[in-house]
Amino acid sequence: MASAASSEEAVKAAKVLMVGAGGIGCELLKTLALSGFSDIHIIDLDTIEVSNLNRQFLFRQSHVGQSKAKVARDAVLKFRPNINITPYHANVKDSQFNVDFFKQFSVVLNGLDNLDARRHVNRLCLAAEVPLVESGTTGFLGQVTVHVKGKTECYECQPKPVPKSYPVCTITSTPSKFVHCIVWAKDLLFAKLFGDKNQDNDLNVHSKDDSSSKTDVFERNVDEGLEQYAQRVYDHVFGYNIETALSNEETWKNRRKPNPIYIRDALPEDAVQQNGRSWDHKNEEQEPSAMVFLGLRNPQEIWSLADNSRVFLEALKLFFEKREKEIGNLIFDKDDQLAVEFVAAAANIRASSFGIPVHSLFEAKGVAGNIVHAVATTNAIIAGLIVIEAIKVLKGDYQNYRMTYCLEHPARKMLLMPVEPFEPNKSCYVCSETPLVLEVNTKTSKLREVIEKVIKNKLGMNLPLVMVGATLVFEDGDGLEPDEAANYALNLEKVLAELPAPVVNGTKLTVEDFQQELKCSINIKHRDEFDEEKEPDGMVLVGWSGPVDQQVTSNGDKRSVPSSSSADDGDGTAEDISAKPGMKRKLNEILEAKENFDALKKSDVGSSSAQVVDDDDDDLVMFDEDPKQGKKKRLQ
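Cut-offs used in this document
- Residues numbered from 1 in each chain as written.
- Predicted model: local features only at pLDDT ≥ 70, side-chain atom pairs only at ≥ 80, totals over all residues.
- Heavy atoms only, no water.
- Helix = DSSP H or I, 4+ residues; strand = E, 2+ residues; numbered from the N terminus.
- Buried < 20%, exposed > 50% of the residue type's maximum accessible area, 1.4 Å probe, protein only.
- Contact = heavy atoms within 4.5 Å.
- Areas by Shrake-Rupley, 256 points an atom, 1.4 Å probe, with all protein chains shown as cover.
- Salt bridge = Lys/Arg side-chain N within 4 Å of Asp/Glu carboxyl O.
- pLDDT = per-residue confidence, 0-100.
- Pairing = 2+ DSSP bridges.
- Axes fitted to C-alpha atoms, helices over the stretch in contact; angles between N-to-C directions.
- Core = buried A, V, L, I, M, F, W, Y, C linked by side-chain atoms within 4.5 Å.
- UniProt positions renumbered as here; feature names shortened; annotations may be inferred.
- Patch = residues over 30% accessible without salt bridge, like charges linked within 9 Å, V, L, I, M, F, W, Y side chains within 5 Å.
- Lys, Arg positive; Asp, Glu negative; His and termini not counted.
- Charge placed at Lys NZ, Arg CZ, Asp CG, Glu CD.
- Expected span 1.5 Å × (residues − 1).
- Polar contact = N/O pair within 3.5 Å; in protein donor to acceptor, adjacent residues only side chain to side chain.
- Phe/Tyr/Trp six-rings, centres within 6.5 Å; stacked < 30°, edge-to-face > 60°.
- Arc of directions from axis to C-beta.

### Description of the overall build of the protein chain
Here comes step 1: Looking only at helices and strands, one finds 18 helices and 18 strands in the protein chain.
Here comes step 2: Across the 636 residues in the protein chain, those meeting the buried criterion constitute 53%.
Here comes step 3: Once local pairs closer than 6 in sequence are excluded, the contacts in the protein chain between residues at least 24 apart make up 68%.
Here comes step 4: Carbon and sulfur atoms make up 47% of the accessible area of the protein chain, which totals about 28,300 Å².

Right, dumping it as structure tokens:
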């Protein structure tokens, strides 16, 4: 009874911060309210979409377009009117949510869907010395982990999954999988036609008749009709560009040659002229859709080459007819029906050219949007486990903290696998301040490259300050004097060795983010050359094991494609944490020999890949030893 009483007192006295009000967040808020928590704050930037309604049960059709945090609050107050719920329709990375803001809470509970925000919250919790309960789900998989400064590892103590990537030549010239075609259609063609015109792009922009000119074939001529323009783009990307690729005979010695596809081959002339006559012009509020325009109703149907060609042409025209003001600023969005139709059709036409099996719109959307379909039951289970761990944290019962993994298939007759947390990783640059090493050519690399590629993208700092010894060479953020900002801007364009305080072999950089209250040291090691294929950044950060930036650049040597660590339709996305050598192993190995669990041999664990984009198994890591008998680096 004493334990129950202490739990109840701890719950009533707690002030809780929830970050995320999506699939996990809705279940978590409901469970917190029903468990007796009376002071809850929620941060979520998102608004409610139709696709959320099948699993985020606090929301209804009438709520579409409204703030998730605010609607979730109102829904819970209907059955728990006497508790205090404070919603924030904002980004957790906003300056208002600083260390002082975090210090007011007893515990922070994460239900986020991206690694960047998770890292940010982890750092604020460390700086504020507030316990963090992290979570995630992907389909039937999920996990809950506890992070307490000085007692357990922090969220960034261990490597995170790295997204699949492919050489640019594979995407642009020699695709062999449907995902290659999707990446080409989404990150090259869609971006070229409808995105930022100033962004570098690897597509060939020169036409057959004007190959020596600098004229961009994707630019629409002033007096050119939409039909003519759409067909010209079609013939260029699916016909002429394929012919150009075929001219390099060496490439196709051991590969199947693609077939150029021109509009005259895909559609008879009369079909082109009659393309799409079923659009309801009376309903101007109707969302533009090439499928509706053409009378195609079933998104799970496999379209013919002719159908894909019609959808491609109509989608392109509809962007110019119905959404012309957006052209130049569009970014692919899986919830943008017209964008999905265009990308699916373009990918299928390219797949047809290269002899790759085509996919339905439904399947193509899953690949393009990196959708790992969420399971409401998994969210509910994980939410319950979060509350259990939160109560332990509030009671100070650190001896009983558990990291719990939700499995798709039983291991040792268990679907929920609890393991004791690890102690902090002494080599973690976030919670242990271990110096990093940056291998870089100090004579050719600019400060801007180091800040963008390493400090912001890899280390996740938002407003970095960079010092060389006692000299401040760069600072980001508001409040800078104009002359200071001008000097820092000049420094950005200087190579490292030519900075006011030269950065050469052996130099030590001190990098700090005041918002996150994170500080780390980077030792510089000069290196003359880098492998363009394996080291596309032109620099290598040693001692860092964080996630790779998921956004695909237009002109890099690699193209990132979806990984389950950032799936768009997962709720908080379960991590398949990479190996702690000799201590964790793949789930499938445990399932194959679960009777001999304690005698399993050590093995490596790779990072996971999305279920919808490849045929690799998801790797859920387990421990070699029985969780009850753990010895090595466990929390004591």
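### What about the pattern of salt bridges?
Pairs may arise between side chains of opposite charge once their charged atoms sit close together.
Here comes step 1: Scanning the entire structure with this criterion turns up 25 salt bridges.
Here comes step 2: Residue Asp116 is joined to Arg119 by a salt bridge in which the shortest nitrogen-to-oxygen separation is 3.7 Å. Of this pair, Asp116 and Arg119 both sit in helix α5 (residues 115–128), three residues apart, which is roughly one turn of the helix.
Here comes step 3: Of the charged contacts, one joins Asp336 and Arg323 as a salt bridge, the two residues approaching to 2.6 Å between their closest N and O atoms. Of the two residues, Asp336 sits in the loop between α12 (305–322) and α13 (337–353) while Arg323 sits in the loop between α12 and α13, which places them 13 residues apart along the sequence. Each member of the pair, Asp336 together with Arg323, is buried.
Here comes step 4: Taken together, the shared-partner salt bridges connect Lys93, Asp116 and Arg119 into one network.

### Overview of the confidence of the model for the protein chain
Here comes step 1: Overall, the prediction assigns the protein chain a mean pLDDT of 81, with 78% of residues at 70 or greater.
Here comes step 2: The least confident element of the protein chain is strand β18 (residues 621–623), whose mean pLDDT is 34; the most confident is strand β1 (residues 16–19), at 98.
Here comes step 3: Contacts for the low-pLDDT stretch residues 276–282, under 50 throughout, to residues beyond four places or in other chains number 16 contacts.
Here comes step 4: The low-confidence segment residues 576–632 (pLDDT under 50) makes 136 contacts with residues lying over four places distant or belonging to another chain.

### Some words on the pairing of strand β10 (residues 436–440)
Each regular strand shows side chains that alternate between the opposite faces of the sheet.
Here comes step 1: A large share of β10 lies buried, amounting to four of its five residues.
Here comes step 2: Bridge count between β10 and strand β14 (residues 518–526): five bridges; the pairing is parallel. Bridge pairing in β14 places Val437 opposite Asn523.
Here comes step 3: Sheet topology places β10 next to strand β15 (residues 539–542); four bridges connect them, and they run antiparallel. Its bridge partner being in β15, Val437 is matched across the sheet by Val542.

### Here's the deal with the sheet that holds strand β3 (residues 84–88)
Picture the strands of a sheet paired through backbone hydrogen bonds; they go either parallel or antiparallel.
Here comes step 1: Judged by pairing direction, the sheet is mixed, and its eight strands sit side by side in the order β3-β2-β1-β4-β5-β6-β8-β9 without closing on themselves. Each edge of the open sheet carries a strand with a single partner, namely β3 and β9 (414–419). Sheet twist, expressed as the mean angle between neighbouring strand axes with direction ignored, is 20°.
Here comes step 2: Where β1 meets strand β4 (residues 107–110), four bridges bridge the pair, whose relative direction is parallel. Looking at the pairing, Leu17 lines up with Val108 of β4.
Here comes step 3: Across the sheet, helix α15 (residues 376–395) is in contact with β4, β5 (132–138), β6 (141–147), β8 (403–411) and β9; its angle to β6 comes to roughly 15°.

### Considering the nonpolar core
Here comes step 1: Trp184, Leu189, Phe194, Phe312, Leu316 and Phe342 are the most contacted members of the largest nonpolar core, which totals 64 residues.
Here comes step 2: When residues of this core are assigned to their parent elements, the largest contribution, 12 residues, is made by helix α7 (residues 178–194).
Here comes step 3: Aside from chain neighbours lying at most four places away, what touches Phe194 is Leu316, Phe319, Phe320, Glu326, Ile327, Gly328, Asn329, Leu330 and Phe342.
Here comes step 4: If you look at the next biggest cluster of nonpolar residues, it comprises 40 residues, including Ala69, Leu385, Ala390 and Val393.

### A few points about the environment of Phe342
Here comes step 1: By the element assignment, Phe342 lies in helix α13.
Here comes step 2: Among the residues examined, Phe342 registers a relative accessible area of 0% and is labelled buried.
Here comes step 3: Counting along the chain gives 30 residues from Phe342 to Phe312, while the straight-line C-alpha distance between them is 5.4 Å.
Here comes step 4: Residues in contact with Phe342, not counting those within four places in the same chain, are Leu189, Phe190, Leu193, Phe194, Phe312, Ala315, Leu316 and Phe319.

### Considerations on the UniProt feature "binding site: Zn(2+)" (unreviewed entry) in the protein chain
Here comes step 1: Taking the UniProt record as the reference, the feature "binding site: Zn(2+)" (unreviewed entry) is found at Cys154, Cys157, Cys428 and Cys431. In three dimensions, the annotated residues from a span of 278 residues occupy one location, with a maximal C-alpha spread of 8.6 Å.
Here comes step 2: Positionally, Cys157 belongs in the loop between β6 and β7 (165–167).
Here comes step 3: Ignoring any residue separated from it by four or fewer positions in sequence, one finds Cys157 in contact with Pro424, Asn425, Cys428 and Cys431.
Here comes step 4: Take Cys428: it is sitting in the loop between β9 and β10.

### What to know about a negative patch on the surface
Here comes step 1: Taken together, the side chains of Asp46, Glu49, Asp113 and Asp333 define an acidic patch exposed on the protein surface.
Here comes step 2: Tracing the chain through its elements places Glu49 in the loop between β2 (39–43) and α3 (68–77).
Here comes step 3: For Glu49, a relative accessible area of 31% corresponds to the partly exposed category.

### Considering unusual backbone geometry
Here comes step 1: A positive phi angle, close to 55°, is found at Glu129, a residue other than glycine.
Here comes step 2: Even without being a glycine, Lys413 presents a positive backbone phi close to 65°.
Here comes step 3: Positionally, Lys413 belongs in the loop between β8 and β9.

### Comments concerning the sheet that holds strand β11 (residues 464–468)
Here comes step 1: In spatial order, the strands read β12-β11-β13-β14-β10-β15; together these six strands make up an open sheet with mixed pairing. Each edge of the open sheet carries a strand with a single partner, namely β12 (471–475) and β15. Taking the axes of each pair of neighbouring strands and ignoring which way they run, one obtains an average angle of 25° across the sheet.

### Some points on α5
Here comes step 1: A rise of 1.5 Å per residue sets the reference length of α5, with its 14 residues, at 20 Å; its end C-alpha atoms lie 20 Å apart and thus fit the reference within 8%.
Here comes step 2: For α5, the buried fraction is high: 13 of the 14 residues fall into the buried class.
Here comes step 3: With a side-chain oxygen positioned 3.3 Å from the backbone nitrogen of Asp116, the residue opening α5 is Asn114.

### Points about the packing of aromatic side chains
Here comes step 1: Scanning the entire structure with this criterion turns up 20 aromatic pairs.
Here comes step 2: Ring geometry for Phe474 against Tyr488: centres 6.2 Å apart, planes inclined by 65°, an arrangement best described as edge-to-face. With Phe474 in strand β12 and Tyr488 in helix α17 (residues 482–492), this pair connects stretches of sequence that are 14 residues apart.
Here comes step 3: Relative accessible area serves as the criterion here: at 7%, Phe474 is assigned to the buried category.

### Focus: α17
Here comes step 1: Considered for burial, the residues of α17 that qualify are Tyr488, Asn491 and Leu492. For α17, the buried positions fall inside an angular range of 105° around the axis, keeping them on one side. Within α17, the exposed residues directed more than 90 degrees away from the buried face are Pro482, Asp483 and Leu490.
Here comes step 2: On its buried face, α17 sits against α16 (447–456) and β12.

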